[in-house]
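Fold and geometry: a report
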Amino acid sequence: MIHKRFIPLCAALLMALTAASARASDGRLDVVVSIKPIHALVAGVMQGVGTPHLLLNDQQSPHHFALKPSQARLLQQAELVFWVDPSLETPMPGLLASLAPHAIDIRFMADQDLVRYQNKISDDSDDDHEGHDDHEGHEDHDGHEDHEGHGRGHMVNPHIWLDLENARRMVWSIAATLSAVDPQHAGAYASNAAKLDKRLVDLHEVAKRQFASIQRNKFIVQHDAFIYIERQFKLPRGLVIARDHDTPPGTAHLQHLRDLVAAGVVSCIFDEPQGAGHQIDIVAGTSFVRRATLDAVGVGLPAGPDLYFDMMRANYAAFADCLAGTH
Ligand SMILES: [Zn+2]
């Protein structure tokens, strides 16, 4: 299905060109972005030209949200909608069809050239053999994952923006789409994209140095969002408390993790701002295992172009500190 790879962007650009001629005469482009980290990238590309709307707030889970009337209105007025995939923002296909049938929507997971990893296959006994449970997650350029979203055990992990190379690729695709819809600002979009690209490359360099010396100790994460960071910086695979967002972990799984912590083989437990603290407490037990926070969506951070960078720096620092044992 190699030909599929080129379709999403090309189709979007064609639609965009059609839409460009139909655009309102005030010249303002109505752009809506589903979640904060992606909103930050779009806001960065649009800097000096306009400000994209953020669809979901910190209290709303991307997986099962209901829109308030003001949010529904954002979709109704949108010309362009950026989002990730139904495996992340589950209600989006239905909402796009009913509220924004006229809008161009860019689903980033349609880009087959993004780095993508498989979700863990549910099996507690796999926990100790980190790494071999996700088919080693190398960038799948062979396109054999295009049945993503169906089939147990072959779901693509949707937290793609946590990989810096993906973020760079997304920035350029955002700029290409915006330029097609709004060609008079193409120069600004391109130069903003170049600046963002440079910031992402610099961030990668700094993070590489940060991760170079840390110990590759075992750690536990609240949910399996951080494989994109683990793989990018060659960390061990995190042991996961909740395998997917919607299913709470079973008692046996929690006990298994708790035993590992009690045995002293886990250096750090990461919670999340919206995570279930009681599960972390069960797993931590009475041990003095270190704890820190990871955040995949920028909870509590002000939305805007810097959010992506602030969020990623905080995540890298959490990994580096907690695994190095400096607190
Ligand atoms: Zn998630």
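Residues numbered from 1 in each chain as written. Predicted model: local features only at pLDDT ≥ 70, side-chain atom pairs only at ≥ 80, totals over all residues.

1. A word on the sheet that holds strand β2 (residues 53-54)
Rules: Pairs of strands are assigned from DSSP output, requiring at least two bridges between the strands. Runs of H or I in DSSP of at least four residues are treated as helices and runs of E of at least two as strands, each being numbered from the N terminus.
A sheet is described by the order of its strands in space; here four strands give the open sequence β2-β1-β3-β4, paired in parallel fashion. Looking at which strands have only one partner, the edges of the open sheet turn out to be β2 and β4 (104-107). In this structure, strand β1 (residues 31-33) lies alongside strand β3 (residues 80-83), joined through three bridges in parallel fashion. Of the residues in β3, the one forming a bridge with Val33 is Phe82.

2. Considerations on the packing of helix α2 (residues 36-46) against helix α10 (residues 307-324)
For any two helices packed against each other, one specifies the crossing angle of their axes together with the interaxial distance. Convention followed: To obtain an axis, a line is fitted to C-alpha atoms, over the contacting stretch when the element is a helix, and the angle between two such axes runs from 0 to 180 degrees between their N-to-C directions. Throughout, the term roughly parallel applies to angles under 35 degrees, roughly antiparallel to angles over 145, roughly perpendicular to angles from 65 to 115, and oblique to all others. We call two residues in contact if the C-beta atoms placed from their backbones are at most 7 Å apart. For this classification, Asp, Glu, Lys and Arg are treated as charged, while Ala, Val, Leu, Ile, Met, Phe, Trp, Tyr, Cys and Pro are nonpolar and the rest, including Gly, are polar.
Interaxial distance between α2 and α10 falls to 8 Å at its minimum, and their mutual angle equals 135 degrees. Accordingly, the angle class assigned to the pair α2 and α10 is oblique. Only Leu307, Tyr308 and Met311 of α10 make contact with α2, whose side of the interface consists of Lys36, Pro37, Ala40 and Leu41. A breakdown of the residues in the contact of α2 with α10 according to their chemical character gives six nonpolar, no polar and one charged.

3. Some thoughts on the sheet that holds strand β8 (residues 290-293)
The sheet built from four strands is open, its strands ordered β6-β5-β7-β8 with parallel pairing. Among the strands making up the open sheet, the edge pair consists of β6 (239-242) and β8. Across the sheet, the axes of successive neighbouring strands diverge by a mean angle of 25 degrees, strand direction being ignored. Pairing analysis gives four bridges linking strand β5 (residues 218-223) to strand β7 (residues 266-271), with the strands arranged parallel.

4. So, the confidence of the model for the protein chain
Let me state the cut-off plainly: pLDDT runs from 0 to 100 and stands for how confident the predictor is about each residue.
Here the protein chain averages 85 in pLDDT, and 80% of its residues register 70 or above. Of the regions scoring below 50 in pLDDT, residues 1-7 engages in nine contacts with residues more than four places distant in sequence or in other chains. Here residues 123-153 is a poorly scored stretch, pLDDT under 50, and it has 44 contacts once near neighbours within four places are set aside; other chains count.

5. Here we look at the packing of α2 against helix α6 (residues 186-212)
Two elements in contact, α2 and α6, have axes separated by 7 Å at closest approach and are oriented at 130 degrees. Overall, the two elements α2 and α6 adopt an arrangement that is oblique. From α2, Leu41, Gly44 and Val45 reach across to α6, where they touch Tyr189, Asn192, Ala193 and Leu196. Tallied by class, the residues present in the contact of α2 with α6 amount to five nonpolar, two polar and no charged.

6. Looking at the nonpolar core
Defined as follows: The term nonpolar core means buried Ala, Val, Leu, Ile, Met, Phe, Trp, Tyr and Cys residues held together as one set by C-beta atoms within 7 Å. Here the C-beta atoms are placed from the backbone, and a residue counts as buried if at least 20 other C-beta atoms lie within 10 Å of its own, exposed if 12 or fewer do, and partly exposed otherwise.
In terms of nonpolar packing, the biggest core is built from 83 residues, with Leu41, Val42, Val45 and Ile220 touching the most fellow members. Once residues within four sequence positions are removed from consideration, Ile220 is found in contact with Gly238, Leu239, Ile241, Leu257, Val266, Ile269, Phe270 and Val283.

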